[in-house]
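Report on the structure
Here is how the chains run, residue by residue.
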Amino acid sequence: MDAPSIVDTRFRTALRRLDAAGRLLRIHSRVDPVLEVAGIMKRHDGGLALFFERVGEYAIPVCANLVASPANVQAVFQMDHWAVRDCMRRALEHPLKPVVVPKGACQEVVITAGVDVERTLPVLLHAAKDGGKFITGGIVLARDPESGVHNASFHRLQLLGPDRTAIKLDFGRHLGVLYEKACRQGRPLEIAVLLGVDVSLLYAAASSGMNVPLDADELEVASGLRGEPLELAPCQTVDLSVPAETEIVIEGAILPDQMVEEGPFAEFFQIYSGVGPSPVVEVRAVTHRRDPVYYDALAGVHGAMLRKYIDEESALKAIRRAVPIVQDVNLTPAGQCRFHMVLAVRKRSPADEGLQRNAIFAAFAAFKDLDHVIVVDDDIDIHNPMDVEYALSVRFDAGRDLIVVPDAKTHEYVRVSRQGQRAKLGVDATVPFEEQEAYRRVPFLEVDMGRYETSRGPGDPRHPALKG
Ligand code: MN
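Residues numbered from 1 in each chain as written. Predicted model: local features only at pLDDT ≥ 70, side-chain atom pairs only at ≥ 80, totals over all residues. Heavy atoms only, no water.

Now for the overall build of the chain. Each helix and strand in the chain was counted, giving eleven helices and 23 strands. For the chain, the C-alpha radius of gyration of 24 Å lies close to 23 Å, the compact-globule estimate for 468 residues. The principal-axis extent of the C-alpha atoms belonging to the chain is close to 75 × 60 × 45 Å. When the 468 residues of the chain are sorted by exposure, 54% land in the buried category. Once local pairs closer than 6 in sequence are excluded, the contacts in the chain between residues at least 24 apart make up 70%. When the accessible surface of the chain is totalled, it reaches about 21100 Å², and 53% of it is carbon and sulfur. (Helix = DSSP H or I, 4+ residues; strand = E, 2+ residues; numbered from the N terminus. Rg over C-alpha atoms; globule rule 2.2 N^0.38 Å. Buried < 20%, exposed > 50% of the residue type's maximum accessible area, 1.4 Å probe, protein only. Contact = heavy atoms within 4.5 Å. Areas by Shrake-Rupley, 256 points an atom, 1.4 Å probe, with all protein chains shown as cover.)

Here it is in C-alpha cells:
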C-alpha cells in the first residue's frame, strides 16, 4: 500500500477515526487527576486510546495513549504499516514550509491575566513519588536565537506555581542547545507548549535529533508528512506561530538566570528519574479552543511508539547508505523503540559475506542510544519475535557471532551505564552465504483455508470419535 499524496493527520480526525474503529475507550465515570488517570493509562499502555470525559472538577477532558499501538496507528492513518512508513520517508525527504494565517482556533479562548495552569488544565500526578504534577504530552516549540530555525520536541514540565514550571532539558537535546544560545545573549528563550496537535507534529517532534538535525525544522518535517503545509497562527505574548488547530497552547519563556530542583518522575525506564537542577519556565498566557481536549503522554510504550516509525525510516536510510544489503529494520517496543534493533539483510553473493556485521556498526553509528542489534537474513520476519528467536536458536553461535564493543556512548538514564557509557552488543544470526542452501527453511504447500468446509466448538461433530 502506498501513502496518498495528502494525509489528514488533524488531531480531531485522529480521535474520530480511532472512535469509529473501536480503538478509543471513552471513560464516562469521573476520575481523579491524581494517580487514577495515569493508572488507567498504564493499564492500557500499548493498547487502546483513552478519552476521559470527566477529570476531577475540570471542564476539559483528557486524551491519552493516542497512537500507543500499531492498531491505533493504522486506524489513525487508515493505512497499513508500510504506507505509514512511506509517510515518514516523505516527511524526512520532502519537508514543506508551513503557512501563517491571521488567527487560529487555538485562540478562541485567551487567558493572559491571572494565569493559573493547574486551575485551568487537568494536569496529572502520574505516580506516587513524582515530585509534583507534570505536563507530559507537551511539544515545546522554540526558535533558534541565532539561525531562526524552529525546534519542536517533547519535554516534561513540572508545575511549580500558578505561572511557573520546571522544564527538563536532557543531554544533547536541541532545545537545550537553543536555551544555551539564549543564555549567552542574556535573554529568555520564548516557547509555546502545544497540547493536542496535528499527529504529523507528534511524530516530527519525537524523531531522533541525530536524524532530524538542529538545522532542520520539525514544523516543516510535519508538513512534509501531511503532504501539505501546516497552518500556523501567531501567538499572543511570544514571537512564535503555532499550528492553528492546536487544542491548548501555553505561551511563556525559559528564564536565563533561574534553576530549580526538578523530579523525581516516573520515567520511560519504569523507574523514577532522580532529582536534578532544571531551568524555569515563566508562563505568560494559556490559549485554547472553545471546547479543548488536554493531551497526556505516559512515559511508556506510547512515547516509544511515537518514535518507532520515523526513526525506523531514518535508520534504514542511514544504515543502507553504508551497507546496501540491509532490507528493513525493526525498533522493538519492549526496547523502547530506542535500545534494540532487529535488522534484515539479503546476501546476494559470497562477496556480501561480512557486510551483515558492518551493518551492526552502521546502526550503532546512526543511533547513539542503540545498545543491542540483532541481524538476520531476510527470510526471517523481523516484526515477529518468534521468528527472530528461531534465528537465534539455529543460526547464531555465541562463540563466533557475538560482537561486544565496550564503553561506548548510550542514554545517560540506562541503569548499567557509567555516565552514559556501556557495552554495545551485536548479534550476527545470519547464515554464512555458502551454507544458505542447506539452511533454507522447508517450504510447505501454500493453502487457502477459505476453500475448505470446516467447523469447531459445540454443535456439528460428524465423526463417531467426536460424538457422545
Ligand atoms: Mn530538533
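What follows picks up the thread again.
With that out of the way, let us pick up the coordination of the manganese ion. Protein coordination at the manganese ion comes from N151 (OD1), H174 (ND1) and E218 (OE), with a distance range of 2.1 to 2.3 Å. The sequence pattern describing where the donors of the manganese ion fall on their chain is N-x22-H-x43-E. Of this pair, N151 sits in strand β8 (residues 150–154) while E218 is found in helix α8 (residues 218–226), placing the two residues 67 residues apart along the sequence. Accessibility classification places N151 together with E218 in one group, the buried group. (Donors = N, O, S within 2.8 Å, 3.2 Å for Na, K, Ca; no water.)

Glancing now at helix α6 (residues 174–184). Turning to α6, its buried residues number three or more, namely H174, L175, G176, L178, Y179, K181 and A182. Two residues or fewer after α6 comes G186, characterised by a positive phi angle close to 70°.

Evaluation of the coordinates by the stated rule reveals four aromatic pairs. Ring centres of F11 and Y295 lie 6.3 Å apart, and the angle between their planes is 85°; this geometry places the pair in the edge-to-face category. With F11 in helix α1 (residues 11–20) and Y295 in strand β18 (residues 294–296), the pair connects residues that are 284 residues apart, well separated along the chain. The residues F11 and Y295 share a single accessibility class, namely buried. When the ring centre of Y452 is taken as reference, the NZ or CZ atom of R451 above it lies at 5.6 Å. (Phe/Tyr/Trp six-rings, centres within 6.5 Å; stacked < 30°, edge-to-face > 60°. Lys NZ or Arg CZ within 6 Å of the ring centre and 35° of its normal.)

What follows is about unusual backbone geometry. Cis geometry is found at the peptide bond from G263 to P264, where omega equals -5°. Inspection of the secondary structure assignment puts P264 in the loop between β14 (248–262) and β15 (265–266). Backbone geometry places C337, a non-glycine residue, at a positive phi of 50°. Topologically, C337 is positioned in the loop between β19 (326–331) and β20 (340–345). By relative accessible area, which is 1% here, C337 ends up buried.

Here we take up the side chain of R85. By the element assignment, R85 lies in helix α4 (residues 81–93). Within the structure, R85 has its side chain in polar contact with the side chain of E312 (distance 3.1 Å). Excluding anything up to four places from it in sequence, R85 contacts Y309, E312, E313, L316, D328 and V329. (Polar contact = N/O pair within 3.5 Å; in protein donor to acceptor, adjacent residues only side chain to side chain.)

Turning next to the pattern of salt bridges. Applying the stated criterion across every chain yields a total of 39 salt bridges. Salt-bridge contacts for R422 lead to D371; the nearest nitrogen and oxygen are separated by 2.8 Å. In this pair, R422 sits in strand β23 (residues 421–428) while D371 sits in the loop between α10 (355–366) and β21 (372–377), placing the two residues 51 residues apart along the sequence. Considered together, R422 and D371 belong to a single accessibility category, that of buried residues. One network of salt bridges, in which partners are shared, links R85, D86, R89, K308, E312, E313 and D328. (Salt bridge = Lys/Arg side-chain N within 4 Å of Asp/Glu carboxyl O.)

Here the focus is the environment of Q185. Mapping Q185 onto the fold places it in the loop between α6 and β11 (189–195). Taking C-alpha positions, Q185 is 48 Å from A344, a pair spaced 159 residues apart along the chain. Setting aside residues up to four positions removed in sequence, Q185 forms contacts with P145 and E146.

Another aspect to go through is the sheet that holds strand β4 (residues 99–100). Here three strands make up an open sheet; going across it, the order is β4-β12-β13 and the pairing mixed. Across the chains shown, the open sheet's two edge strands, defined by having one partner strand only, are β4 and β13 (241–243). (Pairing = 2+ DSSP bridges.)

On to the pairing of strand β10 (residues 164–167). Here strand β9 (residues 157–161) runs beside β10; their pairing, made up of four bridges, is antiparallel. Counted as the bridge partner of L157 is I167 from β10. A loop of two residues connects β9 with β10, the two strands running antiparallel in sequence. Pairing between β10 and strand β17 (residues 276–288): three bridges, direction antiparallel.

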